[in-house]
Amino acid sequence: MPRIVLHAADAPSRHRLETWLSREPGFELVGIAADLPALRALVGRNPDTVILAVAPDADFWSWWRSAARSAALVAIQSEGTPEDGLELLHAGARAILPSGADSGVVIAAIKAAGAGLAVLPGPLLAALLEAEPEGADPAFLEGAADHAGLTERERDVLAAMAAGASNKAIARRLGISVHTVKFHVAAILAKLDADSRTEAVAKAAHRGLVML
């Protein structure tokens, strides 16, 4: 039986999700928190739960990264890109849902997270698997070979690498975490068949992907 703590600053979201959770057979809604202090208190008393968090903010993630995370986290993100989803994944979310997720999707994600499984939205899964997203722009697909199959964000990271920027500098420049930068660097090395950043930049320059 999943035991759930609901966290949402937005009152309509709290009420809507409370209704969904209370109607689901076998679910136990342990408590509802509108702010971080209330959430911390609830999780402290109920560590082995599933936390359903709606649009968690920076303070939430700061706490979550340092918390003893025996709870499973299902995060409903605000509108964002696959890179934003990577941020949530690296921060420790077990399930990531789009803002418009309906009751069936939310319930299924909670069950999966409670069972130790991961749930990711399609665009984020496509980015992780380097798969072709449904409905991709044909011009992008036709030009993929010219870019060694690199995504737009990977090309941004590659350009910064060619300029000699460190992972921290790249993270600041692109507004992403260092963990996400490392993810992109690893993908770039794999796609360019390079063993180091220097080799990747050299191969990219040879192929005309970057200017030195």
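Preceding this paragraph is the structure being described.
The rules we used
- Residues numbered from 1 in each chain as written.
- Predicted model: local features only at pLDDT ≥ 70, side-chain atom pairs only at ≥ 80, totals over all residues.
- Heavy atoms only, no water.
- Helix = DSSP H or I, 4+ residues; strand = E, 2+ residues; numbered from the N terminus.
- Axes fitted to C-alpha atoms, helices over the stretch in contact; angles between N-to-C directions.
- Parallel < 35°, antiparallel > 145°, perpendicular 65-115°, else oblique.
- Contact = heavy atoms within 4.5 Å.
- Nonpolar A, V, L, I, M, F, W, Y, C, P; charged D, E, K, R; others polar.
- Pairing = 2+ DSSP bridges.
- Right-handed = clockwise from strand over helix to strand, strands pointing away.
- Buried < 20%, exposed > 50% of the residue type's maximum accessible area, 1.4 Å probe, protein only.
- Arc of directions from axis to C-beta.

**Student:** I'd love a proper account of unusual backbone geometry, names of residues and values included.
**Tutor:** A positive phi angle is found at Ala-55, which is not glycine, with a value near 45°. Structurally, the position occupied by Ala-55 is in the loop between β3 (50-54) and α3 (58-66). Positive phi, normally seen in glycine, also occurs at Asp-193, with a value near 55°.

**Student:** Explain the packing of helix α8 (residues 152-162) against helix α11 (residues 197-206) to me, using residue names and the numbers behind them.
**Tutor:** Where α8 contacts α11, the axes come no closer than 10 Å and their chain directions differ by 105°. With respect to α11, the element α8 is oriented roughly perpendicular. In contact with Leu-158, Met-161 and Ala-162 of α8, α11 contributes Arg-197, Ala-200, Val-201 and Ala-204. For the contact of α8 with α11, a count of residues per class yields 6 nonpolar, no polar and 1 charged.

**Student:** Residues and numbers for the pairing of strand β2 (residues 28-33), please.
**Tutor:** As paired strands, strand β1 (residues 3-7) and β2 are joined by 5 bridges and run parallel to one another. Counterpart to Ile-4 in the pairing with β2 is Leu-29. For the crossover that starts at β1, traverses helix α1 (residues 11-23) and ends in the parallel β2, the hand is right-handed.

**Student:** Can you lay out α8 for me, pointing to particular residues and giving the numbers?
**Tutor:** Buried residues of α8: Glu-154, Val-157, Leu-158, Ala-160 and Met-161, and no others. Here the buried residues of α8 occupy an arc of 160° about the axis, which is enough to place them on one side. Close packing links the buried residues of α8 with α9 (167-174), α10 (178-191) and α11. A positive phi of about 85° marks Gly-164, the residue just after α8.

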